[in-house]
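Survey of secondary and tertiary structure
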Amino acid sequence: QKEVEQNSGPLSVPEGAIASLNCTYSDRGSQSFFWYRQYSGKSPELIMSIYSNGDKEDGRFTAQLNKASQYVSLLIRDSQPSDSATYLCAVRGNTGGFKTIFGAGTRLFVKA
Amino acid sequence: KAGVTQTPRYLIKTRGQQVTLSCSPISGHRSVSWYQQTPGQGLQFLFEYFSETQRNKGNFPGRFSGRQFSNSRSEMNVSTLELGDSALYLCASSTNSATNEKLFFGSGTQLSVL
């Protein structure tokens, strides 16, 4: 079992729609959860962080965390073609020492 | 504030050689992490350093090693290169918070092993 799992996609949504990206993790001791966006040929950049159960909103982005289900999600409202990228879920824990583990990423295409 | 700087940007080596990659973190950041990115495997964790100490190491062979200097700059070394080591190597820096580590990535070093 991978430590952080994501559907590789691609996920295709029309412009203006809601894109829903999901992630599960295996380490119950994980403490911090992140979403990074990576455009083709570029490095990952942080877009959201969440540390406690519930929802966290930032502009068009909402991160959701459910520690009991070991599940993290990212909603992108009013999706734009510029949102087309790979979205990486990352989980940080202290099992065996601090480390941040990334999922393989979900490719998102927003069609104009 | 300058971002994370990785050098060199591109490297071409042959099997059996060794390579050293360098990373200068954002000023004030004391933690540096290294990742290997390949199309098939995504971002794989290599090491994390804080204040010159390795906090954790990923599941890579001993040919992969790293270190961090007192000025927080970090290097990673790969010895006896194999074709499968061809990848983008990304360095990320962060503040000294152990749990809330938001990572800031450099542009990476693209390593090709021939």
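Values in this document were obtained by computation on a predicted structure and should not be read as measured data. (Residues numbered from 1 in each chain as written. Chains lettered and ligands numbered in written order. Predicted model: local features only at pLDDT ≥ 70, side-chain atom pairs only at ≥ 80, totals over all residues. Heavy atoms only, no water.)

What follows is about the overall build of chain B. Within chain B one finds zero helices and eleven strands. If you list the helices and strands of chain B from N to C, you get β-β-β-β-β-β-β-β-β-β-β. Counting only C-alpha atoms, chain B reaches 40 × 25 × 25 Å along its principal axes. The buried share of chain B, reckoned over its 114 residues, is 50%. Split by element, the accessible area of chain B, about 5,200 Å² in all, is 47% carbon and sulfur. Averaging the positions of the 11 positive and the 6 negative side-chain charges in chain B gives two centres separated by 4 Å. (Helix = DSSP H or I, 4+ residues; strand = E, 2+ residues; numbered from the N terminus. Buried < 20%, exposed > 50% of the residue type's maximum accessible area, 1.4 Å probe, protein only. Areas by Shrake-Rupley, 256 points an atom, 1.4 Å probe, with all protein chains shown as cover. Lys, Arg positive; Asp, Glu negative; His and termini not counted. Charge placed at Lys NZ, Arg CZ, Asp CG, Glu CD.)

Another aspect to go through is the sheet that holds strand β1 (residues 5–7) of chain B. Residues and elements named next belong to chain B. Strand order in this open sheet of four strands is β1-β3-β8-β7, and the pairing throughout is antiparallel. Both outer strands of the open sheet, β1 and β7 (64–68), are each paired with one neighbouring strand and no more. Looking at each pair of strands side by side, their axes are set apart by 15 degrees on average, direction ignored. Both strand β3 (residues 19–24) and strand β8 (residues 74–78) contribute to a ladder of five bridges, which runs antiparallel. Looking across to β8, one finds that S22 is bridged to E75. (Pairing = 2+ DSSP bridges. Axes fitted to C-alpha atoms, helices over the stretch in contact; angles between N-to-C directions.)

The next point concerns the packing of aromatic side chains. Taken as a whole and judged by the stated rule, the model has eleven aromatic pairs over all chains. Ring centres 4.9 Å apart and planes at 45 degrees place the aromatic pair Y25(A) and F33(A) in the tilted group. Considered together, Y25(A) and F33(A) belong to a single accessibility category, that of buried residues. Joined through ring pairs, the aromatic side chains of F34(A), Y36(A), Y51(A), F102(A), Y35(B), F45(B) and F105(B) make up one cluster. Taking the ring centre of F61(A) as reference, the NZ or CZ of R60(A) above it sits at 5.6 Å. (Phe/Tyr/Trp six-rings, centres within 6.5 Å; stacked < 30°, edge-to-face > 60°. Lys NZ or Arg CZ within 6 Å of the ring centre and 35° of its normal.)

This part takes up the side chain of T106(A). All names here are of chain A. With respect to the helices, strands and loops of the structure, T106 is situated in strand β11 (residues 106–111). Judged by relative accessible area, which is 4%, T106 ranks as buried. A distance of 2.4 Å separates the side chain of T106 from the backbone oxygen of N7, its partner in a polar contact. When neighbours within four sequence positions are excluded, T106 is seen to be in contact with Q6, N7, S8, G9, L11, L21, A85, T86 and Y87. (Polar contact = N/O pair within 3.5 Å; in protein donor to acceptor, adjacent residues only side chain to side chain. Contact = heavy atoms within 4.5 Å.)

Residues and elements named next belong to chain A. Taken in spatial order, the five strands line up as β1-β3-β8-β7-β6 in an open sheet, and their pairing is antiparallel. In the strand order of this sheet, the two ends are held by β1 (4–6) and β6 (54–58), each with one partner. Across the sheet, the mean angle separating the axes of adjacent strands is 20 degrees when strand polarity is ignored. Examined bridge by bridge, β6 and strand β7 (residues 61–66) share five bridges and lie antiparallel to one another. Bridge assignment links E57 to a residue of β7, and that residue is T62.

Glancing now at the nonpolar core. W35(A), L74(A), Y87(A) and F102(A) are the most contacted members of the largest nonpolar core, which totals 37 residues. Of the residues forming this core, the biggest block, six residues, is contributed by strand β9 (residues 85–93) of chain A. Setting aside residues up to four positions removed in sequence, L74(A) forms contacts with A19(A), S20(A), L21(A), W35(A), I47(A), M48(A), F61(A), T62(A), A63(A) and Y87(A). In terms of nonpolar packing, the next biggest core, distinct from the first, is built from 21 residues, L21(B), V32(B), Y49(B) and C91(B) among them. (Core = buried A, V, L, I, M, F, W, Y, C linked by side-chain atoms within 4.5 Å.)

Fair warning: the whole summary comes from geometry, so function is off the table for now.
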